[in-house]
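Structure at a glance
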Amino acid sequence: GAVVSQHPSWVICKSGTSVKIECRSLDFQATTMFWYRQFPKQSLMLMATSNEGSKATYEQGVEKDKFLINHASLTLSTLTVTSAHPEDSSFYICSARAGGGGAYEQYFGPGTRLTVT
Amino acid sequence: GNSVTQMEGPVTLSEEAFLTINCTYTATGYPSLFWYVQYPGEGLQLLLKATKADDKGSNKGFEATYRKETTSFHLEKGSVQVSDSAVYFCALRGSASGTSYGKLTFGQGTILTVHP
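Everything numeric here is computed off the predicted structure, so don't read it as measured data.

Each value, and the rule that gives it
- Residues numbered from 1 in each chain as written.
- Chains lettered and ligands numbered in written order.
- Predicted model: local features only at pLDDT ≥ 70, side-chain atom pairs only at ≥ 80, totals over all residues.
- Heavy atoms only, no water.
- Salt bridge = Lys/Arg side-chain N within 4 Å of Asp/Glu carboxyl O.
- Helix = DSSP H or I, 4+ residues; strand = E, 2+ residues; numbered from the N terminus.
- Buried < 20%, exposed > 50% of the residue type's maximum accessible area, 1.4 Å probe, protein only.
- Contact = heavy atoms within 4.5 Å.
- Buried area = accessible area lost by both parts, 1.4 Å probe.
- Polar contact = N/O pair within 3.5 Å; in protein donor to acceptor, adjacent residues only side chain to side chain.
- Nonpolar A, V, L, I, M, F, W, Y, C, P; charged D, E, K, R; others polar.
- Disulfide = S-S within 2.5 Å.

This next bit is on the pattern of salt bridges. In the structure shown here, the tally under the stated rule is six salt bridges over all chains. One salt bridge in this structure joins B:K103 and A:E59, with 2.6 Å as the shortest N-O distance. Here B:K103 is found in the loop between β10 (86-93) and β11 (104-106), whereas its partner A:E59 is found in the loop between β6 (57-58) and β7 (67-73) on a different chain. The exposure class assigned to A:E59 is partly exposed, which follows from its relative accessible area of 22%. In this structure, A:D88 engages A:K66 in a salt bridge whose closest nitrogen and oxygen atoms are separated by 2.9 Å. Pair noted here: A:D88 is in the loop between β8 (76-81) and β9 (90-97) and A:K66 is in the loop between β6 and β7, with a separation of 22 residues, a long-range link. For A:D88, a relative accessible area of 4% gives the class buried. Looking at A:K66, the relative accessible area reads 12%, which means it is buried.

So, about the interface of chain A and chain B. Counting residues at the interface gives 20 residues for chain A and 16 residues for chain B. Carbon and sulfur atoms supply 55% of the area that chain A and chain B bury against each other, a total of about 1400 Å² over both sides. Counting across the chain A and chain B interface gives one salt bridge. Taken together, chain A and chain B are joined by three residue pairs in polar contact (both at pLDDT 80 or more). Of all the elements in the fold, those that place two or more residues in the side of chain A that touches chain B are β4 (32-38), β5 (44-51), β9 and β10 (106-108) of chain A. Taken together, the residues of the side of chain A that touches chain B break down into eight nonpolar, eight polar and four charged.

Another aspect to go through is the state of the cysteines. Summed over all chains, the structure comprises two disulfides over all chains. At a sulfur-sulfur separation of 2.0 Å, the disulfide partner of A:C23 is A:C94. Here A:C23 and A:C94 share a disulfide; its torsion about the S-S bond, 75 degrees, makes the bridge right-handed. Placement of the pair is A:C23 in strand β3 (residues 19-25) and A:C94 in strand β9, with a sequence separation of 71 residues. No difference in accessibility class separates A:C23 from A:C94, as the two residues are buried. For B:C23, the disulfide goes to B:C90, at an S-S distance of 1.9 Å. Measuring handedness by torsion sign, the sulfur bridge of B:C23 and B:C90 sits at about -70 degrees and is left-handed. On the criterion of sequence distance, the pair formed by B:C23 in strand β4 (residues 23-26) and B:C90 in strand β10 is long-range, its members being 67 residues apart. Each member of the pair, B:C23 as well as B:C90, carries the same accessibility label: buried. We note that A:C13 lacks a disulfide partner, and the nearest cysteine sulfur, in A:C94, lies 18 Å from it. Judged by its relative accessible area of 9%, A:C13 is buried.

Cis geometry is adopted by the peptide bond preceding A:P8, which originates at A:H7 and carries an omega value of 0 degrees. Of note, A:P8 is situated in the loop between β1 (4-7) and β2 (10-13). The backbone of B:D54 shows a phi angle near 75 degrees, a positive value even though the residue is not glycine. Mapped onto the elements of the fold, B:D54 is located in the loop between β6 (45-50) and β7 (56-59). Even without glycine at this site, B:T71 takes up a positive phi of about 45 degrees. In this structure, B:T71 sits in the loop between β8 (62-65) and β9 (75-77). On the basis of relative accessible area, B:T71 is assigned to the partly exposed category, the value being 30%.

The structure is reproduced here in structure tokens:
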């Protein structure tokens, strides 16, 4: 199947700093990318959906100014956690899809563990 | 809105035991249903899917049948192996137009551990 990578796999940062997480589709062009957040022993929560070249669409309750998403190319999307605080510590997972609508399969990255101290 | 409820884990089994992980859903319209598996240190992988009522998805010995009357999509395997140890997620993809269309909604995940 198609491969999606994330970098870094884990990061520790100090409160008040910003952290950028990259998501890449390695062997296909991703017109749509998704960013999820996963708390321990809980489900994946969709944060936002981004289409290449467009602004991301955020889910209700997700702060746009805190979680900046950029999908500048068909193989790269980035999530920047701005002015991070300990409550932002979580496991962030990206997913990529080759086409629009529901006909295309989503492929998932391995996730990034963020710890804010 | 759409929701998925999975059997709580963790589930611990001996090798060659029978596995069932229950999954029920709430959704409008006719969603597609999925089981994803996440092995340690890896991303979620699609295990199997079903796109309409009474469809049976199967892969690697795992099966699940889309039951619209009971809004369920239970995962089963007749004889588990140590290598099946992983986290299993049930999910649905909304079919109705509007905000849910094309988006995956996940259950909370079930940790499966298989002992030799």
